[in-house]
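So the chains spell out like this:
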Amino acid sequence: MTTLIVLVFLLVYLGLFLGGLPFLQLDRTGVALLGAIVLLATDVVDMNQVWEAVHPPTLALLFAFMVISAQLRLSGFYDWVVWRLDRFDLPPSALLGAVILTSALLSAVFSNDIVCLAMAPVLADACRARRLDPVPFLLALACAANLGSAATLIGNPQNMLIGERLALDFGGYLRLAIMPVGLGLAATWLILLGLSRRRWHLAAPVAANPEPESEATSHRQRAEDQAPGLDRWQTIKGLGVAGVLLLAFLFAPWPRDLLALAGAGLLLTSRRLHSHRMLGLVDWQLLVLFVGLFIVNHALQETGLPAQAITALAGLGMDLHDLAPLFGAGAILSNLVSNVPAVMLLLPAATEPMSGPVLALSSTLAGNLLIVSSIANIIVVQAAARQGLLIDWRAHARVGLPVTLTTLAIAALWLGVLQG
């Protein structure tokens, strides 16, 4: 049985690294699900163990915030946010900073993937209309979404998993993470400014406005003409529920997953937004990926091999229970197999009080390195491609590499100061 578990584990993580398995039409979710099915079908994992393996609080929290984000997408909130940024008619450098700040703030509360999915196409259109090159702004959106999501325990799936598994205090983590995230956002803005060299405009601009208006007047008129439909009541409901949940997470002793489910249930009881539409925007693929990985990793943990591997590494001078090796392992593994699987592998080593924040920051900040390091990056690149814009791995790495190294260094220094 141990041999089968190890074989399934290796094949699943190979599929996560490659994005699928050769000769099979399987993506990462399909690979993880297939691995779980093999373990269940061979009775290696008993059906009675599944509930223990999948950790329902994490899945409940993740699902609930997907519903809240769906509410805001259907209300037109994300489109309206980009429209408001465009309407301010900021100079390019200030607009870049506004995109970074807005993306980070939204991603700290709502899923960074959802923020990028909703904002990327609208942002690209707004940039084209202003004759600006959309690529720097789209890269800023992706980098800031990853960075902003590191600020809270609900900003991304891996942070939710870490927070629920290790029972981290919401406010305590926020106070610890806000400084490196804030400095990282400022560094990201400066890096993008330096790389752009003030070449903001498209090489082949769109046709000029034939009317003899001033640039500011024509911009205001265009912004008014393109104002998106915003359902104010549905937006107020979604933001209100999110705000109440944040206050409860900060000050109430009740379980976060149950609070979030109550908020999602309140939004689903709507007279105007059909539950079919809201649930249709839930990322079921991600939830299935979580379930599959929970089962595969649970089976491996039961063999005792991960504990033996951690002991062997400690004998070689790399004790993952120490914060520095854990920080490095989180950053490296997140780029090899993605951050959620990396966190699942490393959680058993997170035994120190600071291990949870260390793992959350390292795994999330590492997501800016390559396109495949984060789902948010992939979403933005795909959105750009649909707009006829090419962001290849070189173009992304030109920004992602300095942003990742700089933000990881900031986080490492900050954590070192706290430990010092």
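Residues numbered from 1 in each chain as written. Predicted model: local features only at pLDDT ≥ 70, side-chain atom pairs only at ≥ 80, totals over all residues. Heavy atoms only, no water.

## Focus on the packing of aromatic side chains
Right, so step 1: Under the defined criterion, the tally for this structure stands at 8 aromatic pairs.
Right, so step 2: Look at Phe 77 and Trp 80: their rings are 6.4 Å apart centre to centre, the planes differ by 25 degrees, and that puts the pair in the stacked class. Here Phe 77 and its partner Trp 80 are both found in helix 5 (residues 77-87), 3 residues apart, which amounts to about one turn of the helix.
Right, so step 3: Of the residues examined, Phe 77 reaches a relative accessible area of 8% and is grouped as buried.
Right, so step 4: The structure contains a cluster of three or more aromatic residues connected by ring pairs, namely Phe 65, Phe 170 and Phe 249. (Phe/Tyr/Trp six-rings, centres within 6.5 Å; stacked < 30°, edge-to-face > 60°. Helix = DSSP H or I, 4+ residues; strand = E, 2+ residues; numbered from the N terminus. Buried < 20%, exposed > 50% of the residue type's maximum accessible area, 1.4 Å probe, protein only.)

## Brief notes about the state of the cysteines
Right, so step 1: If you walk through the whole model with that rule in mind, you get 0 disulfides.
Right, so step 2: Cys 116 supplies the cysteine sulfur nearest to Cys 143, a cysteine that is in no disulfide, at a spacing of 9.5 Å. (Disulfide = S-S within 2.5 Å.)

## A closer look at the side chain of Ser 75
Right, so step 1: Following the sequence through the fold, Ser 75 ends up in helix 4 (residues 56-75).
Right, so step 2: A relative accessible area of 2% means that Ser 75 is categorised as buried.
Right, so step 3: A polar atom in the side chain of Ser 75 sits 3.5 Å from the backbone nitrogen of Phe 77. (Polar contact = N/O pair within 3.5 Å; in protein donor to acceptor, adjacent residues only side chain to side chain.)

## Points about the packing of helix 9 (residues 157-165) against helix 15 (residues 284-303)
Right, so step 1: The interhelical angle for the contact between helix 9 and helix 15, taken along N-to-C directions, is 45 degrees, at an axis separation of 12 Å. Taken together, the axes of helix 9 and helix 15 lie oblique to each other. When the axes of helix 9 and helix 15 are compared, the crossing they make is right-handed. For the pair formed by helix 9 and helix 15, the contact residues are Pro 157, Leu 161 and Arg 165 on the first element and Leu 286, Phe 290 and Phe 294 on the second. (Axes fitted to C-alpha atoms, helices over the stretch in contact; angles between N-to-C directions. Parallel < 35°, antiparallel > 145°, perpendicular 65-115°, else oblique. Left-handed = near helix turned anticlockwise from the far one by under 90°. Contact = heavy atoms within 4.5 Å.)

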